[in-house]
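Summary of the model geometry
Read off the chains here:
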Amino acid sequence: LCALAAPASAQKFFTRDAKVQFNSDTPMEKIEAVNKSGTAIIDTQTGKMEWKVLIKNFIFEKALMQEHFNENYMESSKFPNATFKGALTDLSSVNFGKDGTYKVKTKGTMEIHGVKKEIEVPGTLTIGGGTITIKSDFTVACADYNIQIPGVVREKIAKEINVKVEAKLNPMK
């Protein structure tokens, strides 16, 4: 049994320090936050992947922004995580046994603020040195996830938030 389990585990790559950052850029204010403790896993045989970030781990330049983000907008005590569960849409275009960079698309379910939504996002997979680096850059509309922006600050927060993810995954042991 151990001999059979070893190859299967080598097909999964994992990290606990995925970087997820977002920014809201309006003429009135630029807001940025970063979370460097996301988890990500990919199964190279099936192309399935999962991501999870703890909302309270986003760090802002201003403490007050971080407080408002967690308490007023994201309600992070009620909705502590953001998740993505999906798969590469064209697994056959990636050769996990060969170093290189591959343009990919991932399709799956994103859950933010208790709302699940089907999404498709572009990205790149870079394979090299026994690791897989995943990068993606996409937008998320606050309204799609029932994130309410109070009228008093509506002009300071973009309706669509730019999200960038980056993770270096190592083989699971």
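Residues numbered from 1 in each chain as written. Predicted model: local features only at pLDDT ≥ 70, side-chain atom pairs only at ≥ 80, totals over all residues. Heavy atoms only, no water.

1. Topic: the nonpolar core
If you look at the biggest cluster of nonpolar residues, it comprises 45 residues, and the most contacted ones within it are Phe22, Trp51, Phe58, Phe60, Ile112 and Ile147. When residues of this core are assigned to their parent elements, the largest contribution, five residues, is made by strand E9 (residues 160–171). Once you skip the residues sitting within four places of it in the chain, Phe22 turns out to touch Ile31, Glu32, Ala33, Phe58, Phe60, Phe69, Ile161, Asn162 and Val163. (Core = buried A, V, L, I, M, F, W, Y, C linked by side-chain atoms within 4.5 Å. Buried < 20%, exposed > 50% of the residue type's maximum accessible area, 1.4 Å probe, protein only. Helix = DSSP H or I, 4+ residues; strand = E, 2+ residues; numbered from the N terminus. Contact = heavy atoms within 4.5 Å.)

2. Digging into the pattern of salt bridges
What the rule picks out here adds up to three salt bridges. Put simply, Glu32 and Lys30 hold a salt bridge, and the shortest N to O gap is 3.8 Å. A salt bridge links Asp144 to Lys117; the nearest nitrogen and oxygen atoms lie 4.0 Å apart. Of the two residues, Asp144 sits in the loop between strand E8 (131–141) and E9 while Lys117 sits in strand E7 (residues 115–128), which places them 27 residues apart along the sequence. Residue classification places Asp144 among the partly exposed positions, given a relative accessible area of 38%. (Salt bridge = Lys/Arg side-chain N within 4 Å of Asp/Glu carboxyl O.)

3. Re helix H2 (residues 63–73)
Restricting attention to buried positions, one finds in H2 the residues Met65, Gln66, Phe69, Asn70 and Tyr73. End-on view of H2: buried residues confined to an arc of 125°, all on one side of the axis. Across H2 from its buried face, at more than 90 degrees, point the exposed residues Ala63, Leu64 and Glu71. Check the buried side of H2 and you find it contacts strand E1 (12–25), strand E2 (30–43) and strand E4 (59–60). Downstream of H2 by a residue or two, Glu75 has a phi angle that is positive, lying close to 45°. (Arc of directions from axis to C-beta.)

4. Observations regarding the environment of Thr124
Its location among the elements puts Thr124 in strand E7. A residue is classified by how much of its surface remains accessible, and Thr124, at 16% relative accessible area, is buried. The spacing of Thr124 and Phe138 is 14 residues in sequence and 12 Å in space, taken between C-alpha atoms.

5. Some words on the side chain of Ser136
Position of Ser136 among the secondary structure elements: in strand E8. Judged by relative accessible area, which is 10%, Ser136 ranks as buried. In terms of polar contacts, Ser136 uses its side chain to reach the backbone carbonyl oxygen of Pro122, at 2.5 Å. For Ser136, the contacting residues outside a window of four places in its chain are Val121, Pro122, Gly123, Val163, Lys164 and Val165. (Polar contact = N/O pair within 3.5 Å; in protein donor to acceptor, adjacent residues only side chain to side chain.)

6. Thoughts on the side chain of Asn35
Here Asn35 is to be found in strand E2. Separated by 2.9 Å, the side chain of Asn35 and the backbone oxygen of Leu54 make a polar contact. Sequence-distant contacts of Asn35, that is, excluding residues within four places in its chain, are made with Ala18, Lys19, Val20, Val53, Leu54, Asn57 and Phe58.

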